[in-house]
Structures are given as structure tokens and as C-alpha cells.
Amino acid sequence: MEANSILPILKKKLAFLSGGKDRRSGLILTIPLNSDQTSMEELSATLDYLLSIPSEKCKTRGFTVIVDGRRSQWNIVKTVVLMLQNVIPAEVSLVCVVKPDEFWDKKVTHFCFWKEKDRLGFEVSPLSQHTHTHTHTHTHTESFKNSLFYLCRSADCALLPSFDPETVLQSAPAWCPMEEELLAQPQVMKLLDSLREQYTKYQELCRQRSKRAQLDEVHAKVLQVVNWLQGPGSELLKTHQAIGDSIRAAQALQQKHEEIESQHSEWFAVYMELNQQIAALLSAGEEEEVVELKALQQQLSDVCYRQASQLETRQNVLQAAQIFHSTTQELSQQLDGLLGMLCADVSPADGASIQQNLKLLEEKLQTVESGLGSLRQKGTVLLEQMCTPWPWPLEETESPAGEQQDNVQHIQAVMEEMELRKQRCEDMVDVRRLKMLQMVQLFKCEEDALQAVEWLSELLDALLKTHVRLGDDSQETKTMLDKHKKFVDVAQSTYDYGRQLLQATVVLCQSLRCTTRSSGDTLPRLNRVWKQFSVTADERQQRLELALNFHTVAERVRQDLVCVEAEALDDVDTLGKTLLDRISMPVIFPDGSEQFFGSPTDTAAAAEGVRERLLLVEERRLQLQEARLGNDGEEVEVLNGMEGRLDDESHPGCSLG
């Protein structure tokens, strides 16, 4: 809470912390109530702000609240006490309500403070305004020097008497000297001088006795502080050297150490007062006294500084122990989480989820490694703090060697245990990582096998829908036949790739001891598509080979202009009709289903090309027949002429006559 936000309320001084402390070293909180003060909200805001100022360590000692209700009504006082129950019930140790004696004598109320302690959570003590109080003036501030701070007993003090002979003489009754008495004046003056000398000696003696008393008192207090610090104080530190085996144990030890520090702080406060007294005595002391005072001051400072150093060292060890145990607990939780993840069964649905689980596993392992490194660092710091030698020898205050050795062994055992647990988890992570990678590979093989089936199905679909033409001549048909063989090779490699992937899935499933989807679905699909493709490819190849033979014979018949055998023409006709029959027939798959190449239009176009070839061959047949008939008539005429010439040659006489 910022003070600027409630500055107008703070200026009303509804409550304040003067800086004083009670006997428990708790802070004093004063609430001066006035008759016109009725805003509990402003008082609550003021208390919230004031309670945010002290540290948590100071708050644990509790607050003593003084409610000054001398100028306020009783109902407001009760409201304030009940409000303290709601605002700061855990921090309040004692509430003192100040009222006049007449109020407490006459007031009869149902609100009995001593009966409400369990419900309120703190003790309420009624006080009258005439209660003897004593405030330490060195804790007062100018703003609050007229307010009530805290109660304490006043110390009794003894005062030495002080007499002045001149005053005694001057206070005697007046008298008039006689003549004979004038002669006695020298003796009187001599007596007065002696009296003055004795008085001076008496004053010096009183001064020396007072100073001696002060020195003795300082010496006694110094011995008291030194004896407690070297005795019970050192014994407290000697008997509290453990570091605990958990964060709770370390916190309990820290709380105990704060109690020890609180006890020491009281003696350190006495040390500060003694140091101030010794400094004042040194400024006005003689040489012998200065030497004695300096020796006492040096002895007191050495003991206090040694004890303060031991307290600080112990505090550092406890803080390092808390950090070490906290890091150990955090690392143990991380290892438990990692182990739980490793012990859980892995049944991901796809490769992406496996990759995600593997990434999470690697992150957890990295976190464990970082935590173990931090634990080693915290353990090293704790061991260094525990094994740091003192700057001066203090055998009587050193911790026992056995307990110190136990602490060191405990720290080393904890780090070794965490290291061993981390190593076991690493081994399990390696096994799980291998298993997950195999599962990733399994899913990848299954996905690739499914992709191979899809590719093979696409090749089959392309073969049936687009591979319909048979070529217009033998050269084109031969080219198409070569492309078809390459097409079949691609399909064969795709099928082989799918088979290899499925075999790999079987091996991985045996290694992982699990079932695969490929064995029940993908493999039959792959085999079915491949059989359909093989039948279709064989049919396509046979049609191309038949078309190649048809075009080859037809081209030979057309190109042969001299002699064409009738058998060749018959072969062309037979091949063409066979090819037309094959084009019109569907592909019959092993499962009995049928599928035609291409659309009816494409099939009709291919058949029309074959028919055109057959027509050309038929025309060639007719031409040859006509040519043959013409050749036969010419041969008859030639034969007749030759026979006539032969007859003339055999009967020459008849010819002449």
C-alpha cells in the first residue's frame, strides 16, 4: 500500500508506531481515540498501512496495542477491539485499554475481556490513567512524546547526600560577637578552613566512591554479559547445529534460531548501553581508570563480535540448508513426475502425438538435469558454509565433530540419491525414447504403405482411363509398348516399396509387442490393387502386342506393290478382327468384377482406327484381284499368238500356197 494514496488519513494520526518495543521485543501500536472519531474505515486503512511496514520477522513477535479511550465513548472502544480481531488477530499479543478509574469502578458491561480471549485470539488488559508508567526517553519522538508507548518497571536508584558547610553556617541564627569573642575569631577561621578542607576531601572521596561504584557496576554488567554469551549463549549455539532433513525441519530450526537471536539481541542491547557508558567514563577518567575501562571495553567487544559472527554464520548455514532442502524437494517432485510419465502406458493414436509425447519427455528430462545441477551447486555452497573455519579459535563454541560429520554425510547422501534416481530415469528415458522412435517409425511405415496403396490405385485408375489408344502405325504402337513397360516398372517398384514397408511394420510390431493396422487392412488392399493392376497391365500389353502385329502386317501388305500373297491378306483380316474383339471385351479382375478401358467413346475411336486399317487392306485386296484378272487376259492373248506362230512355222508350204 502506498502512503500517498491515504496521506490525508495518515495526517489525522488515528494510529501510529512509535518505534518502542514490549518485553517480548514486540512492536508497540498506539491508537489514541477521540470523542469525534467514528470512521472505522479510516482507522482500518491506517492499521493496514502501518502493519505493512515491519518485516515478517518483527511481525512474528506480535504487537502490543494500546487503545487510549480516555476521551472516547465505550462503544467506540469495543468496536475498535472487535475490529482488531478482524484486521490483525494473528499479530496481536496484548491489547491494553486505558480508561479512568471511575469508569472501571462504575462500568458494568456484558463485554468481559478476560472471558473473550479464546474468541478474540488475544488478551485484553484494562488499565486506568493513573497507572505508573515509565517511558524510555531515548525512544520518544517529538511527534508522539505526549502519548502512551509501553509499560515497564522503573529501576530504583540510590543518591548520595550532599552538604555545603557555607550553607549550614549561613542558615544558622544571627548573633552579635562580644569583645571577648573577637579574640576567638582566628581560631574560628582556622576551624572553618579545616572544615572546608575536610569538606573538600569528603567531596573528593564521594566523587571517587561514586566513580568506583560506577566502575564496579560497569564491570559487573560486563561480566554478566560476557558470562551469558560465553555460557548459555554459546551452549545454545553449540546444541543447535543440525541442518534438518527436510524443508519443514529446516524451517523449524530457523524459527528456533530466531528465538536464540532474540535472546542475544537483549544482551546486545545491554552491550550497546555499556559501550556508551564506558565511552562517557573514558572521556572523564584518569589514566588507571582509562586502562581498566579500555580492557573491559575490548573484552566485551571481542565476546560480542564473536557471538554475533557465530550467529551470522549459523543464520547463513540455515538459509543455505533451506535452499538446499527446497531444491531437493523440487527435484524429487520433478523426478516423481518424470517417473510417473515413464511408468504410464504409451498408446498414442498417430505419429504427431508420439512426437509431442517425446518432446514433453525430453523437456522433463532437461528440467531434471537443470534441477540436479542446481542441487549440486546449492549443496556445494552449503558444505562450504558449514566447513568454513572461524577467523579465531573458539574450541568451546565449535560444533561437535560427530554432528558436523553427520550433516556433511547427509548432504552427500542426498546428492548421491538424487544422482542415482536421475540416472535410473535417464536409462528409462532411453528405453522409452527408443520405443517412441520405433512407434514413430511404425506409424511412418504404415502411412507410407497406405500411400503406396494410394499410388498403386492411382496408377491402376490411370491405366484404365487413359491408356486406351493402340497407335495409328507400328512405330507409334511400339513406342506405346515401351512406355507401357516403363509404366509397369513404376507400378512394380511401388508395390515392392509397399511390401517392404509392411514387412518393416511387422518387425516393429514384434519388437513393440503390439498389433498393427497394416496386417489387417493395408496388406490385403495392397495385394488386391496389385492383382487388379497386373491383370489390367497384362491385358494392355497383349492388346498393344496384337496391335503391333496387325499394323506390321498391314503396312507390309500396303507397301508390297508386286506380289502380295493371299495368306498375308488373310492374316491382316484375322488380326484385325481379333483386335476388335479384344477392344470390345472388358478386363475381368480376380474377384470377378469387370472394368473397361476408357470411356465408350475412347473404345469406339480405337475400334474405328482398326476398321479403317481393315478397309484399306480390303481395298488393297480388290486392287490386287483386278490386277490379277488383267494379267490373265494378256497372258491368253500372248499364248494364242505364240501358238499361231508355231503353227506357221510347222506348215510352211501351206502358207505359201
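All of these numbers come straight from a predicted model, not from anything done at the bench.

Asks: An account of the overall build of the protein chain is requested, with residue identities and associated values reported.
Replies: Scanning the protein chain for helices and strands turns up 18 helices and 7 strands. Looking at the 657 residues of the protein chain, the share that counts as buried comes to 37%. Considering only residue pairs separated by 6 or more positions, the protein chain has 82% of its internal contacts joining residues 24 or more positions apart. For the protein chain, the exposed area adds up to about 39700 Å²; of that, 53% sits on carbon and sulfur atoms.

Asks: Could you give an account of the environment of Gly598, with specific residues and numbers?
Replies: Inspection of the secondary structure assignment puts Gly598 in the loop between strand 7 (594-595) and helix 17 (600-650). Distance from Gly598 to Asp461, taken between C-alpha atoms, is 9.6 Å for residues 137 residues apart in sequence. Once you skip the residues sitting within four places of it in the chain, Gly598 turns out to touch Leu464, Lys465 and Val468.

Asks: Which residues make up the pairing of strand 3 (residues 63-68), and what values do they have?
Replies: Burial within strand 3 is extensive, with 6 of its 6 residues counted as buried. Inspection of the sheet shows strand 2 (residues 27-32) paired to strand 3 by 6 bridges, in the parallel sense. Across the sheet, Ile28 pairs through a bridge with Thr64, a residue of strand 3. Judged from the 6 bridges that link them, strand 3 and strand 4 (residues 92-99) form a sheet pairing that is parallel. When the bridges of strand 4 are listed, Ile66 appears paired with Cys96.

Asks: Report on unusual backbone geometry, specifying residues and quantitative values.
Replies: With phi around 55°, Lys13 is a residue other than glycine that occupies positive phi space. Mapped onto the elements, Lys13 comes out in the loop between helix 1 (7-11) and strand 1 (16-21). One non-glycine residue, Ser25, lies in the positive phi region at around 65°. Here Ser25 is to be found in the loop between strand 1 and strand 2.

Asks: If you had to explain empty space enclosed by the protein to someone new, which residues and values would you point to?
Replies: One pass over the full model with this rule turns up 4 cavities of 30 Å³ or more. If you add up the space inside the largest cavity, you get close to 70 Å³. Considering the residues around the largest cavity, the lining is formed by His467, Val468, Leu470, Arg540, Arg543, Ile583, Phe597, Thr603 and Ala606. At the level of elements, helix 15 (517-559) and helix 17 are the ones that each hand at least two residues to the lining of the largest cavity. Of the residues in the lining of the largest cavity, the class split is 5 nonpolar, 2 polar and 2 charged. Estimates place the volume of the second largest cavity at around 40 Å³. What lines the second largest cavity is simply Leu236, Leu237, His240, Leu253, Lys256, His257, Ile260, Arg314 and Leu318. Mapped onto the lining of the second largest cavity, the elements with two or more residues apiece are helix 9 (185-239), helix 10 (247-284) and helix 11 (287-343). The dominant element in the lining of the second largest cavity, judged by the number of residues it contributes, is helix 10, at 4 residues. Considering only residue class, the lining of the second largest cavity consists of 5 nonpolar, 2 polar and 2 charged.

Asks: Would you mind going over the environment of Gln492 in detail, with residue names and values included?
Replies: Inspection of the secondary structure puts Gln492 in helix 14 (residues 474-512). Residues Gln492 and Phe533, spaced 41 residues apart in sequence, show a C-alpha to C-alpha distance of 9.6 Å.

Asks: Account for the packing of aromatic side chains, naming residues and giving values.
Replies: Counted under the stated rule, the structure contains 4 aromatic pairs. Between the aromatic rings of Trp228 and Trp267, the centroid separation amounts to 5.4 Å while the plane-to-plane angle is 20°, which identifies the pairing as stacked. Of the two residues, Trp228 sits in helix 9 while Trp267 sits in helix 10, which places them 39 residues apart along the sequence. In this structure, Trp228 and Trp267 share a single accessibility class: buried. Members of the aromatic cluster, joined through ring pairs, are Phe487, Tyr495, Trp530 and Phe533.

Asks: Outline the side chain of Gln254, supporting the account with residue identities and numerical values.
Replies: On the secondary structure map, Gln254 appears in helix 10. Look at Gln254 and you get buried, because its relative accessible area is 10%. In terms of polar contacts, Gln254 uses its side chain to reach the side chain of Gln322, at 3.5 Å. Excluding residues that lie within four positions of it along the chain, Gln254 makes contacts with Gln315, Leu318 and Gln322.

Asks: Run through the side chain of His325, naming residues and quoting values.
Replies: Mapped onto the elements, His325 comes out in helix 11. By relative accessible area, which is 4% here, His325 ends up buried. Engagement of the side chain of His325 in a polar contact is seen with the backbone oxygen of Ile243, the distance being 3.1 Å. If near-sequence neighbours (up to four positions away) are discounted, His325 is found in contact with Ile243, Gly244, Asp245, Ser246, Ile247, Ala250 and His410.

Asks: How would you summarise the confidence of the model for the protein chain if you had to cite specific residues and measurements?
Replies: Overall, the predicted model of the protein chain reaches an average pLDDT of 77, with 76% of residues at or above 70. Taken together, the stretch residues 132-182 has pLDDT below 50 and engages in 46 contacts with residues farther than four places along the chain or on a different chain. Every residue in residues 391-399 is under pLDDT 50, and counting partners more than four places away or in other chains gives 12 contacts.

Rules and cut-offs
- Residues numbered from 1 in each chain as written.
- Predicted model: local features only at pLDDT ≥ 70, side-chain atom pairs only at ≥ 80, totals over all residues.
- Heavy atoms only, no water.
- Helix = DSSP H or I, 4+ residues; strand = E, 2+ residues; numbered from the N terminus.
- Buried < 20%, exposed > 50% of the residue type's maximum accessible area, 1.4 Å probe, protein only.
- Contact = heavy atoms within 4.5 Å.
- Areas by Shrake-Rupley, 256 points an atom, 1.4 Å probe, with all protein chains shown as cover.
- Pairing = 2+ DSSP bridges.
- 1 Å grid on protein atoms, 1.4 Å probe; cavity = no way out; pocket = protein on both sides within 12 Å on 5 of 7 lines; lining within 4 Å.
- Points joined across faces, edges and corners; volume = space filled by probe spheres on them.
- Nonpolar A, V, L, I, M, F, W, Y, C, P; charged D, E, K, R; others polar.
- Phe/Tyr/Trp six-rings, centres within 6.5 Å; stacked < 30°, edge-to-face > 60°.
- Polar contact = N/O pair within 3.5 Å; in protein donor to acceptor, adjacent residues only side chain to side chain.
- pLDDT = per-residue confidence, 0-100.

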